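Chain and residue survey
These are the residues of each chain, in order.
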Amino acid sequence: MSQARKARDRAAQWIIAQEQPEWTDADGTALDAWLAESDMNKAAYWRLEHSWREADRIGALGRGAVIPAEKGEHRRGLGWLAPAAIAASLTAVIGLGTSQLSRIAGPSETVVAERFATAIGGHRKLGLPDGSRVELNTASVVRAAISDNHREVWLDRGEAYFEVAHDKTRPFVVHAGSRRVTVLGTKFSIQRAGDKLIVSVLDGRVRVDDTDDIRAVRSMIITGGDIAVARGPAEPATVKSGEPVEDSLAWRRGMLSFDQERLGEVAAEFNRYNARQMIVSDPEAADIRIGGMFPASKPGVFVRLLRDAYGLKIEETPDTIHISD
Amino acid sequence: MDDTAEHGRKDSAGPMPNDEAIRDWFCREVLPLERSIARFIRRNWRVADDVMDLTHDVYAAALAGARTGLPLNTRHYLFTVARNHLINRAKRARIVSFELVADLQTVPQEIDLLEAERHLHAREALRHFHAGLEKLSPRVREIVSLRKIEGLNVKETAEKLGVGKDAVNHQLAMGMKALADHMLGGTGKIVRRKYSGRRDREVEP
C-alpha cells in the first residue's frame, strides 16, 4: 500500500476516533505524534478533517428551514422560530422544486435554521454556515439560524463551546432560556443546568443580558479568563475571575476536571455523561473534597479510586453505582 | 528528493509560519486547487490509479516547502511542486521520455483561474454535497447520515444497526474519504468570492 493510502486510512480512523466519547488525552498526544511524523500524515489528516467539517457546514444549509424574513420585521425572542414552525417550513422546503427554492432563497434575507443534538456521553464538533465552530457536550441541543444579517443560536439544553468567526456586520447571539449572550469576542462555552447558566470565556468578551423583564434588562460583560454563573432569574449573576477556564473546558478532550469539589457535585457531573448514575447516599461521603482530572466516560475508573484511596463503599448495579461511607 | 528546492523562488511572505498557519493556508488556499492539480497530474501521468497518491505526494512536498515561509502565489507554487514531483517520479521509475520532461518544463500559466479558485455558491455547494452523498452505497450513506445528522457515535450506530463497531468504523472511514474526494474534486458552478486577510496581498501572475 502506498504511503499516501496508508496516511489517508489512518487519518480517517483518527478523525472518527476523535469524535467518540472514549477519546482521551493520551489519544490526543498519540495523534499529535502521528501528525509530527510526516508531512504526508498532516496533508492527509488536514484534508479529510477539513472536508468532513465542510460537510457539516454545507449540510446545515440544506436540512434546515429556509425562511424569508419580512421586510423591516424586527425579530425578538424566538416565537417566530418555534419548533412547529421549523417543522412546517422544513416540510415545505422538501416539497419544493429547485427553481422555487432558489426564488425563496434569493436576494432577500434568508434564515437557515438547523438543530443539532447529542445523546448522553455524546460529543460533536460542527461547522456553521458562517464558518463558526461549535462543540456540543453531552446531552445537549442547539439550534442555529444563520442569515445574511443575523447569527443566532439557541442552546436548548446542555453545554456548548463556541469559536465564532469574526464578522462585525453580523452579531453572534446565543439564547439560553431567559438569557441572551452576545458575542464580542471569539471563544467561550455556555452551560445550562436547570435554572443556572454558566458562561466560561476563553478569549475575547461576551455580554450576558437577562431578557425576562424588558423594563429591567440586566447586562454584564464577561472577559477572557472569567467564568460567570447566573442562577435563578431573581438573583444577580456572579463572576469568578481567575478560575482556570481551560479546566472547565476539559470536556472538549473527554475529561472532567475538579478542583477540591464536593463528591456530591462530582457525582452529578459524571452523571451528565453516563446513563449509569452515581448515587452518593450519605451526606458525609458527599462532602469529601475531590481534585484531579478523570475521563468523563469511565466512572468505573473514578469509583475504584474512591474505594481504594478513600475507603468508600461501592455497590454497583447495571444502572447505578452507590457510594457510601 | 526535494520537490520545492528546484524552482528556487517561492516568494515567501513573512516569517517562518507555525503549524497552525500552515494548516490554515493549506485548507484555505491549497485544497480548493485540488481539482486543477489532479487534472494536471492525470494529463501528465499514464497510470490513472496513481492520481490520488500523487496528489498527496504533492501536498506533502508543498507543506515541507511552506515551512520556511508561505508562498505568495499558491497556485504557481503548487503547480511547480507538482511538475517537479512528476519529473522525479518519472526519472526514478525509468519511464521518463524527453517529451514528458519537455512538456512539464513549463508550468501551465493558463490555468482556468475561475476553475482553480472555485468557491461554490451556497446552493451549488449543497447540491454538490448531496450528489456526493448519492454516490455512496446505501449502507455507507446511512452510517454517514447517522453520524452527521443524528449525531450518533460509533457505538450507538453499531447498536442501532445491529452490526459490529469495526464495520461501522470501516464504512464511516470509506464515506469520509469518498465525500472528501467528491467535494474537493467534483464539479460545480464557479463563483469568485472576495477574500480577506493575507490573500489580498497575493500577486496574480
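For the structure itself, look to the data block above.
The structure displayed is predicted, hence computed values, not measured ones. (Residues numbered from 1 in each chain as written. Chains lettered and ligands numbered in written order. Predicted model: local features only at pLDDT ≥ 70, side-chain atom pairs only at ≥ 80, totals over all residues. Heavy atoms only, no water.)

At the interface, 43 residues of chain A touch 43 residues of chain B. A per-residue breakdown of the area chain A buries against chain B is headed by Trp-46, Arg-47 and Trp-52 of chain A, which together make up 21% of the total. On inspection of chain A and its partner chain B, the count reaches eight salt bridges. Asp-9 of chain A serves as the salt-bridge partner of Lys-177 of chain B, at 2.4 Å between the closest nitrogen and oxygen. Between the two partners, chain A and chain B, sit 12 residue pairs in polar contact (both at pLDDT 80 or more). Of all elements in the fold, only α1 (3-18), α3 (39-63) and α5 (98-104) of chain A reach the threshold of two or more residues within the side of chain A that touches chain B. Among the elements that make up the side of chain A that touches chain B, the one with the highest residue count is α3 of chain A (22 residues). (Contact = heavy atoms within 4.5 Å. Buried area = accessible area lost by both parts, 1.4 Å probe. Salt bridge = Lys/Arg side-chain N within 4 Å of Asp/Glu carboxyl O. Polar contact = N/O pair within 3.5 Å; in protein donor to acceptor, adjacent residues only side chain to side chain. Helix = DSSP H or I, 4+ residues; strand = E, 2+ residues; numbered from the N terminus.)

Core analysis: the biggest nonpolar cluster contains 70 residues, and Tyr-45 of chain A together with Trp-25, Phe-26, Phe-129, Val-144 and Leu-179 of chain B have the highest contact counts within it. Ignoring sequence-local partners within four residues, the contact set of Tyr-45 of chain A consists of Ala-11, Trp-14, Ile-15, Gln-18, Leu-31, Trp-34 and Leu-35 of chain A together with Arg-23 of chain B. (Core = buried A, V, L, I, M, F, W, Y, C linked by side-chain atoms within 4.5 Å. Buried < 20%, exposed > 50% of the residue type's maximum accessible area, 1.4 Å probe, protein only.)

All right, on to the pattern of salt bridges then. All names here are of chain A. The final tally for this structure, using the stated rule, is 26 salt bridges over all chains. Salt-bridge contacts for Arg-53 lead to Glu-49; the nearest nitrogen and oxygen are separated by 2.9 Å. With Arg-53 and Glu-49 both in helix α3 and four residues apart, the pair spans about one turn of that helix. Comparing Arg-53 with Glu-49, the two get one shared label, buried. Arg-262 is the salt-bridge partner of Glu-265, the closest N and O atoms lying 3.5 Å from each other. On the basis of relative accessible area, Glu-265 is assigned to the partly exposed category, the value being 41%. The exposure class of Arg-262 is partly exposed, given its relative accessible area of 26%.

On to the pairing of strand β13 (residues 219-223) of chain A, then. All names here are of chain A. Where burial is concerned, the two faces of β13 differ: the one with Met-220 and Ile-222 is buried and the one with Ser-219, Ile-221 and Thr-223 is not. When strand β12 (residues 205-210) meets β13, the two strands line up antiparallel, connected through five bridges. Note that in β13 the partner of Asp-209 across the bridge is Ser-219. (Pairing = 2+ DSSP bridges.)

Next up on the list: the packing of aromatic side chains. Taken as a whole, this structure holds 13 aromatic pairs over all chains when the rule is applied. Consider the rings of Trp-14 of chain A and Trp-34 of chain A, whose centres lie 6.2 Å apart with planes at 45°: the pair is tilted. Here Trp-14 of chain A is found in helix α1, whereas its partner Trp-34 of chain A is found in helix α2 (residues 25-37), with 20 residues between them in sequence. For the pair formed by Trp-14 of chain A and Trp-34 of chain A, the shared burial category is buried. With centroids separated by 6.0 Å and ring planes inclined at 55°, the aromatic side chains of Trp-46 of chain A and Phe-26 of chain B adopt a geometry described as tilted. Taken together, the residues span two chains, with Trp-46 of chain A in helix α3 and Phe-26 of chain B in helix α1 (residues 19-30). This pair shows no difference in class: Trp-46 of chain A is buried, exactly as Phe-26 of chain B is. A connected cluster of aromatic rings, assembled from ring pairs, spans Phe-258, Phe-270, Phe-294 and Phe-302 of chain A. Positioned over the ring face of Trp-14 of chain A is Arg-10 of chain A, at 4.3 Å from the centre of the ring. The side chain of Lys-148 of chain B reaches across the aromatic face of Trp-52 of chain A, ending 3.9 Å from its centre. (Phe/Tyr/Trp six-rings, centres within 6.5 Å; stacked < 30°, edge-to-face > 60°. Lys NZ or Arg CZ within 6 Å of the ring centre and 35° of its normal.)

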